[in-house]
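Listed below, chain by chain, are the residues.
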Amino acid sequence: MRFPKWLRWIGLGLLSLLVACQGMRSAAPAPGPALSTPIPSTRRIASPLPVALAAGAGEAVAALEQQLEVIYQQVNPSVVHIRVRSGQGALREESAGSGFVYDRDGRIVTNHHVVEGRGTIIVTFADGTEVLARVIGTDPDSDLAVLQVEVPPERLHPVTLGDSGAVRPGQLAIAIGNPFGLEGTMTVGIVSAIGRVIRPGSRVFSIPNMIQTDAPINPGNSGGPLLDSQGRVIGVNTMIFSQTGVSSGVGFAIPINTVRRIVPELIARGRYEHPWLGISGYSVTPLVAKGLGLPAERGALILEVDPRGPAARAGLRGGSRPISVLGESIPAGGDLIIAIDGRPISSMEDLIAELEEHHRPGDEITLSILRDGQTREVQIRLAPRPSP
């Protein structure tokens with residue numbers, strides 16, 4: 001595998017810093033109890049770093065700075081500031097977020113929660129251009145929305161979409177948006193985890209495979225792009241975990257592959273239909289399996305079955321008798337899902353991701369379940385998710 005030249009310089013720079021830190025540690029006296037009688041100093045002076053390593057560290061930093069500057073110049077014209085105004089006079093309210101240019105037809109991608117409730121939507125571009133926008137499609141369950149603006153195509157700068165399926169923890173993550181209304185703000189961190197299944201706000205359904213990052217994301221960043229080291233969009237910044245309402249170093253972005261799947265439907269039809277099985281479940285672990293007396297250590301345990309859904313029509317069973325396991329009351333006796341169409345399912349998160357990413361309403365699937373110690377195959381035709 002070949003790495004970009006600037007990335008190799010960063011590696012050399014980090015090696016230089018490591019050598020420097022080791023030299024500093026060897027020069028410092030070890031801590032110990034205070035002595036009443038001075039003793040002769042035996043501290044040795046650290047040798048200076050080789051010029052080549054010091055220069056390499058400097059070049060690595062300069063290369064990273066240059067790359068970030070290029071990314072900013074390339075992507076910032078694609079990022080917009082979105083303000084939503086509602087009410088009149090003293091009762092007027094305004095919320096704000098971010099978005100990015102999706103194509104030269106004037107489509108802007110942002111979060112559903114940024115434009116939820118509607119009102120007058122004002123989009124401001126990096127060059128100061130202000131235009132009104134209208135919502136042409138929205139999907140609350142993925143927290144995505146598409147706006148339409150009337151701007152000449154030659155003045156629009158669509159982003160380049162990446163591949164969130166290729167994202168790995170440790171990679172550079174860059175956010176550009178409008179935190180606290182501060183337009184054109186860039187923050188940098190890393191991808192700190194992938195594959196998170198997160199339920200936004202008060203929604204019933206979760207979003208699978210979200211990207212976790214420590215790049216600072218704050219109110220106003222919602223709807224803006226999360227970028228890789230080449231300036232390609234890998235996610236849409238959506239939410240943070242925080243006790244204070246500001247960045248705590250744990251932010252989440254909707255993966256761009258989800259955007260690729262859903263946004264064209266929002267443009268064409270104004271909505272997106274998600275597949276629905278009609279169950280609530282629990283991720284089984286070895287200790288939970290032991291406590292419940294299950295024959296498999298992993299899987300998605302069905303807790304409840306919605307009587308309106310496909311699972312109920314197929315005869316799947318939920319739990320009926322609460323059992324205390326590890327200090328938690330879990331309804332036992334439900335079916336344990338261990339595979340979909342022969343692909344293993346080890347958790348409820350696996351089940352959600354498999355259904356969402358590989359199936360649509362109307363698809364027929366085969367669930368492998370464990371019931372009363374025996375494996376059964378159940379045919380189910382998925383339905384669209386019901387409205388709240």
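Note that the coordinates shown come from a computational prediction; the quantities given were computed from them, not determined experimentally.

Quick notes on the rules
- Within each chain, residue numbers correspond to sequence positions counted from 1 in written order.
- Per-residue local features are limited, in this predicted model, to residues with pLDDT of at least 70; the limit for side-chain atom pairs, both in listing and counting, is 80 or more; totals at the level of whole chains, interfaces and linings are taken over all residues.
- Side-chain numbers here rest on the full set of heavy atoms in the structure, without hydrogens or water.
- Each helix is a run of DSSP H or I of at least 4 residues and each strand a run of E of at least 2, with the numbering of both proceeding from the N terminus.
- Residue exposure (1.4 Å probe, protein chains only): buried if accessible area is under 20% of the type maximum, exposed if over 50%, otherwise partly exposed.
- Contacts were defined at the residue level, with two residues in contact if any of their heavy atoms lie within 4.5 Å.
- Per-residue and other accessible areas follow the Shrake-Rupley method at a 1.4 Å probe size, with only the shown protein chains counted as cover for residues.
- We call two N or O atoms a polar contact when they sit within 3.5 Å, provided that within protein one can donate a hydrogen and the other can accept it, with sequence-adjacent residues counted only if both atoms are side-chain atoms.
- Nonpolar cores were defined as sets of buried Ala, Val, Leu, Ile, Met, Phe, Trp, Tyr and Cys residues, with membership established by side-chain atoms within 4.5 Å.
- Only strands that DSSP links by at least two bridges are regarded as paired with each other.
- Distance thresholds for patches are 9 Å for like charges and 5 Å for nonpolar side chains (Val, Leu, Ile, Met, Phe, Trp, Tyr), applied to residues having over 30% relative accessible area and no salt bridge.
- The salt bridge definition used is simple: a Lys or Arg side-chain nitrogen within 4 Å of an Asp or Glu carboxyl oxygen.

Description of the overall build of the chain
Argument step 1. In terms of regular secondary structure, the chain is built from seven helices and 22 strands.
Argument step 2. Among the 388 residues that make up the chain, the fraction classed as buried is 43%.
Argument step 3. Counting contacts in the chain only where the partners sit at least 6 residues apart, residues at least 24 apart contribute 61% of the total.
Argument step 4. Accessible area of the chain: about 20,000 Å², with a carbon and sulfur share of 54%.

Details of the side chain of Arg385
Argument step 1. Turning to its location among the elements, Arg385 is positioned in the segment after β22 (383-384).
Argument step 2. What makes Arg385 buried here is its relative accessible area of 16%.
Argument step 3. Separated by 3.1 Å, the side chains of Arg385 and Asp141 make a polar contact.
Argument step 4. The residues touching Arg385, leaving out its near neighbours within four places in the chain, are Asp141, Phe205, Ser206, His274, Pro275, Trp276 and Glu356.

Some words on the nonpolar core
Argument step 1. Counting 27 residues, the largest nonpolar core has Leu144, Met210, Leu227 and Val236 as its most contacted members.
Argument step 2. Where this core is concerned, the elements lending two or more residues are α2 (51-75), β6 (144-149), β7 (172-177), β9 (207-213), β11 (233-240), β12 (251-255) and α4 (256-269).
Argument step 3. Apart from the residues lying within four places of it in its own chain, the contact partners of Val236 are Phe100, Val109, Asn111, Leu144, Gly223, Gly224, Phe252, Ala253, Ile254 and Val259.

Quick notes on the pairing of strand β2 (residues 93-101)
Argument step 1. Here eight bridges tie strand β1 (residues 79-86) to β2, and the two strands are oriented antiparallel to one another. Looking across to β2, one finds that Val84 is bridged to Ser95.
Argument step 2. Turn length for the β1-β2 hairpin, with the two strands adjacent in sequence and antiparallel, is six residues, and the turn residue Gly87 shows positive phi of about 80 degrees.
Argument step 3. As paired strands, β2 and strand β3 (residues 107-110) are joined by two bridges and run antiparallel to one another. Within β3, the residue paired with Val101 across the bridge is Ile108.
Argument step 4. Where β2 folds back onto β3 in an antiparallel hairpin, the turn is made up of five residues, including Gly106, whose phi is positive at roughly 85 degrees.

A short note on a nonpolar patch on the surface
Argument step 1. A surface patch of nonpolar side chains, about 290 Å² in accessible area, is lined by Phe180, Leu182 and Val246.
Argument step 2. By the element assignment, Val246 lies in the loop between β11 and β12.
Argument step 3. Look at Val246 and you get partly exposed, because its relative accessible area is 33%.

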